[in-house]
Amino acid sequence: MVNPARGQPSPTGILSSGMAGGRVRIEAIAKVFTGIGGHVPAIQSVSLAVEPGEFLAIVGPSGCGKSTLLQIIAGLVQPTDGRVYLGEQDVTGQPAHMVYLFQQYSKSLLPWMNVADNVMFAFRHRVSLSRSAARDRCREYLAMVGLSDFADHYPWQLSGGMQQRVTIARALAAEPKVLLMDEPFSSVDALTRIDLQSLILDLWNERRFTAVLVTHDVDEAVFLADRVAVLSRRPAVLSEVIETGLPRPRRTIETRESPAFLSLRHRLLQHLLARPEESHAVSRGAHC
């Protein structure tokens, strides 16, 4: 599948200055849910730092608390214990300069607004712009994701992959220092998924925002990230953090076929598929 955003000249104007990624630090984050059945510990204690402009992926067994951790970073869920920092500022529960890209893109877009209005929603209440200036700004972001010709379409008139491109454009229009992504490509077909992965890498390389991705897809984590943080089974702790070390730019086919990629993939799958009694041995072996 051809990515229509590639091969176009870089947008000008507001995009030329770039986004400065922020350093994210989480300290001893813990989360316990309380319900009718009592207390359910989801995250035991996780501490982690993401450097400015870094691309970090978070993986772990299903139900281990990956999305909960991301929601805590975003301020959507309050931690039971621990703090979240952006630079030196405590932003626990206050997601300043962070944007959250949801898994269900169809529920993220406002169906009564066309594509342009959905994208402008990210900034029109924060900056004073004329309608004409706002449209010009919107067009620049739509050009980045290859949707220049669809500004007046409505979400229901677009394919799933195109809808997700709109949510990406809207996220970038907010000019975040940190982009948080919760399984953002899991609801599209395989070829569209690969195409969107390459698109987000192109945009990250150009804009250098800090990126944190939660995913169940080991191949996706290895292909996109500088480092992969591995969570244990619930209640989650940080089992290990793996440097991918793969050269950039990442190439859609060649990178995935390289011995280094396959070795990282094997290591992560071995860890994630291990039975509980085996996972501790895998983690110890990783640190030897």
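Scroll up a little and you will see the structure.
Residues numbered from 1 in each chain as written. Predicted model: local features only at pLDDT ≥ 70, side-chain atom pairs only at ≥ 80, totals over all residues. Heavy atoms only, no water.

Enquirer: Can you explain the overall build of the protein chain? Please cite residues and give values.
Expert: Looking only at helices and strands, the protein chain features ten helices and ten strands. Looking at the protein chain residue by residue over its 288 residues, the buried ones come to 53%. When contacts within the protein chain are restricted to residue pairs at least 6 apart in sequence, those whose partners lie at least 24 apart make up 71%. About 13400 Å² of surface is accessible on the protein chain, with carbon and sulfur atoms providing 53% of the total. (Helix = DSSP H or I, 4+ residues; strand = E, 2+ residues; numbered from the N terminus. Buried < 20%, exposed > 50% of the residue type's maximum accessible area, 1.4 Å probe, protein only. Contact = heavy atoms within 4.5 Å. Areas by Shrake-Rupley, 256 points an atom, 1.4 Å probe, with all protein chains shown as cover.)

Enquirer: Which residues make up the pairing of strand E7 (residues 178-182), and what values do they have?
Expert: The element E7 is largely enclosed, with a buried count of five among its five residues. The side-chain alternation of E7 yields two buried faces, one formed by Val178, Leu180 and Asp182 and the other by Leu179 and Met181. Relative to E7, strand E6 (residues 98-101) runs parallel, the two being bridged by four bridges. Residue pairing in the sheet places Tyr100 in a bridge with Leu180 of E7. Two elements, E7 and strand E8 (residues 210-214), share five bridges in a ladder whose sense is parallel. By the bridge assignment for E8, Leu179 is matched with Ala211. (Pairing = 2+ DSSP bridges.)

Enquirer: Can you lay out the sheet that holds strand E5 (residues 89-90) for me, pointing to particular residues and giving the numbers?
Expert: Spatially, ten strands are ordered E5-E4-E1-E2-E10-E9-E3-E8-E7-E6 in an open sheet, and the strand pairing comes out mixed. Looking at which strands have only one partner, the edges of the open sheet turn out to be E5 and E6. As defined by bridge partners, strand E1 (residues 24-35) adjoins strand E2 (residues 38-50) across nine bridges and the pair is classed as antiparallel. Paired with Thr34 across the two strands is His39, which belongs to E2. The strands touched by helix H9 (residues 259-273) within the sheet are strand E3 (55-59), strand E9 (227-231) and strand E10 (236-243), with E10 carrying the most contacts at an inclination of about 170°. (Axes fitted to C-alpha atoms, helices over the stretch in contact; angles between N-to-C directions.)

Enquirer: Residue-level account of unusual backbone geometry, with values.
Expert: The linkage connecting Arg234 with the following residue, Pro235, adopts the cis geometry, with an omega of 0°. Within the secondary structure, Pro235 sits in the loop between E9 and E10. Its identity as a non-glycine residue notwithstanding, Glu175 has a phi of 50°, on the positive side. Relative to the assigned elements, Glu175 resides in the loop between helix H5 (160-173) and E7. Residue Glu175 is classed as partly exposed on the basis of its relative accessible area, which comes to 35%. Phi is positive for Glu183, close to 45°, though the residue is something other than glycine. Accessibility expressed as a relative area gives 6% for Glu183, which makes it buried.

Enquirer: Can you tell me about the packing of aromatic side chains, naming the residues and giving the values?
Expert: Counting across every chain of the model gives two aromatic pairs. Here the aromatic rings of Tyr100 and Phe102 are separated by 4.6 Å at their centres, their planes lie at 50°, and the arrangement is tilted. Accessibility expressed as a relative area gives 42% for Phe102, which makes it partly exposed. Cation over ring: Lys31 sits above Phe33, and NZ or CZ is 5.2 Å from the ring centre. Taking the ring centre of Trp204 as reference, the NZ or CZ of Arg208 above it sits at 4.0 Å. (Phe/Tyr/Trp six-rings, centres within 6.5 Å; stacked < 30°, edge-to-face > 60°. Lys NZ or Arg CZ within 6 Å of the ring centre and 35° of its normal.)

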